[in-house]
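Letter by letter, the chains look like this.
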Amino acid sequence: MVESVRKFNVAVVGATGAVGETMLAILSQRSFPVGEVYALASTESEGKRVEFGEGGLSVTSLDSFDFNRVDIAFFSAGGDVSKVFAPKAAKSGAVVIDNTSAFRYDDDIPLVVAEVNPEQVGAYENRGIIANPNCSTIQMVVALKPIHDIAEISRVNVATYQAVSGSGKSGITELANQTSDLLNARAIQSNVYPAQIAFNCLPHIDEFQDNGYTKEEMKMVWETKKIMECPSIEVNPTAVRVPVFFGHSEAVHFETNRKVSREQVTLALQKAPGVTVIDDRNDGGYPTPIEHAVENDDVFVGRIREDISHPRGISMWVVSDNIRKGAALNSVQIAEILVQSHL
């Protein structure tokens, strides 16, 4: 939470979406020092009401909004929207915290995870924009950074199990509708995903690239190197969409330049900010999305074990709320650092 006498006018672009709604909730929950709060969305959503604190906000059209009125603008309405409006907001004097992939790979724009590289927030002065990483990258680097600090990580092999909320409200609706239709012996429709998602797993998130990986997978490669400030770290990801509403899971296998034990890794994680270790070797002694991650702030780690196939390898299981920590919360944490140290 932020202790500040000064109040900051805030805009949330994409306020009617799953991430935008959660941003508004977290701003209230963490008592962010807001003055005026503006909920922005497309013209079609103008006049709708969204929740904020004990009351609500009327949605304003993004097209006609004057960003001179705000100090901080959160963007979560898709990359195309950010590419057009985020530079305009920054030019008007607002600091933009962008939750899309529009600016993540620009060398002069900081890509920040609050627990990993908070010192990069000050680089917002380059262009007035701070990028929020991909949800699957965020939870992974929060878990990897404390280990990287004690024994440099050279390689990561990760398989993700990503909830449909990562596709927004449309993904949630599709899973709900398909589940209902299947249980009632009705034909299903697939509009959001290329194949049935209910009771299924799809090893396909985002567009395929020339190297055979998907863009979602390559995001984890590019972003990990930038956030960890370690171009030499190698990342081999497989991203899978699973029929879970909220909460991403990851099976993470990594190799270090010198051997570390399970006990050393566990201790480093237990001391790390934003991490909760649940690692009992018995029934239920591990984190799951539903029981632990959903609506919680931390990244949860369990199943920590030394890799029996590699002398310097460790395997672990990582879960987090993809909408909360993977998007909205990290954005607000960036804003907290911004107002505490830079504005």
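Below, the structure is looked at part by part.

1. Observations regarding the nonpolar core
Then, in step 1: If you look at the biggest cluster of nonpolar residues, it comprises 56 residues, and the most contacted ones within it are Phe67, Val156 and Met316.
Then, in step 2: Broken down by element, this core gets its largest block of residues, seven residues, from helix H3 (residues 135–150).
Then, in step 3: If you look at the next biggest cluster of nonpolar residues, it comprises 38 residues, including Phe8, Tyr124, Ala327 and Ala335.

2. Description of the sheet that holds strand E4 (residues 55–61)
Then, in step 1: With mixed pairing, the seven strands of this open sheet are ordered in space as E3-E4-E2-E1-E5-E6-E7. If you trace the sheet from one side to the other, it starts and ends with strand E3 (49–52) and strand E7 (129–131), each paired once. Within this sheet the neighbouring strands show an average axis-to-axis angle of 30 degrees, counted without direction.
Then, in step 2: Alignment of strand E6 (residues 95–98) against E7, held across three bridges, turns out to be parallel. From the neighbouring strand, Val96 faces E7, where its bridge partner is Ile129.
Then, in step 3: Where helix H8 (residues 324–341) meets the sheet, its contacts fall on strand E1 (8–13), strand E5 (72–75), E6 and E7, and the angle it forms with E5 comes to roughly 165 degrees.

3. Concerning the packing of H3 against helix H6 (residues 262–271)
For any two helices packed against each other, one specifies the crossing angle of their axes together with the interaxial distance.
Then, in step 1: At a minimum axis separation of 9 Å, H3 and H6 run at an interaxial angle of 120 degrees. It follows from the interaxial angle that H3 and H6 lie oblique. The crossing of H3 and H6 is right-handed. Together, Ala143, Pro146, Ile147 and Ile150 of H3 and Gln264, Val265, Ala268 and Leu269 of H6 make up the contact between the two elements.
Then, in step 2: Of the residues belonging to the contact of H3 with H6, the class tally is seven nonpolar, one polar and no charged.

4. Examining the packing of helix H1 (residues 18–29) against H8
Then, in step 1: The contact between H1 and H8 brings their axes to 9 Å, and the two run at 50 degrees. Our classification of the angle between H1 and H8 gives oblique. Note on packing geometry: the crossing formed by H1 with H8 is right-handed. Touching Val19, Thr22, Met23, Ile26, Leu27 and Gln29 of H1 are Arg324, Ala327, Ala328, Leu329, Ser331 and Val332, all from H8.

So, how was this worked out
- Residues numbered from 1 in each chain as written.
- Predicted model: local features only at pLDDT ≥ 70, side-chain atom pairs only at ≥ 80, totals over all residues.
- Heavy atoms only, no water.
- Core = buried A, V, L, I, M, F, W, Y, C linked by side-chain atoms within 4.5 Å.
- Buried < 20%, exposed > 50% of the residue type's maximum accessible area, 1.4 Å probe, protein only.
- Helix = DSSP H or I, 4+ residues; strand = E, 2+ residues; numbered from the N terminus.
- Pairing = 2+ DSSP bridges.
- Axes fitted to C-alpha atoms, helices over the stretch in contact; angles between N-to-C directions.
- Contact = heavy atoms within 4.5 Å.
- Parallel < 35°, antiparallel > 145°, perpendicular 65-115°, else oblique.
- Left-handed = near helix turned anticlockwise from the far one by under 90°.
- Nonpolar A, V, L, I, M, F, W, Y, C, P; charged D, E, K, R; others polar.

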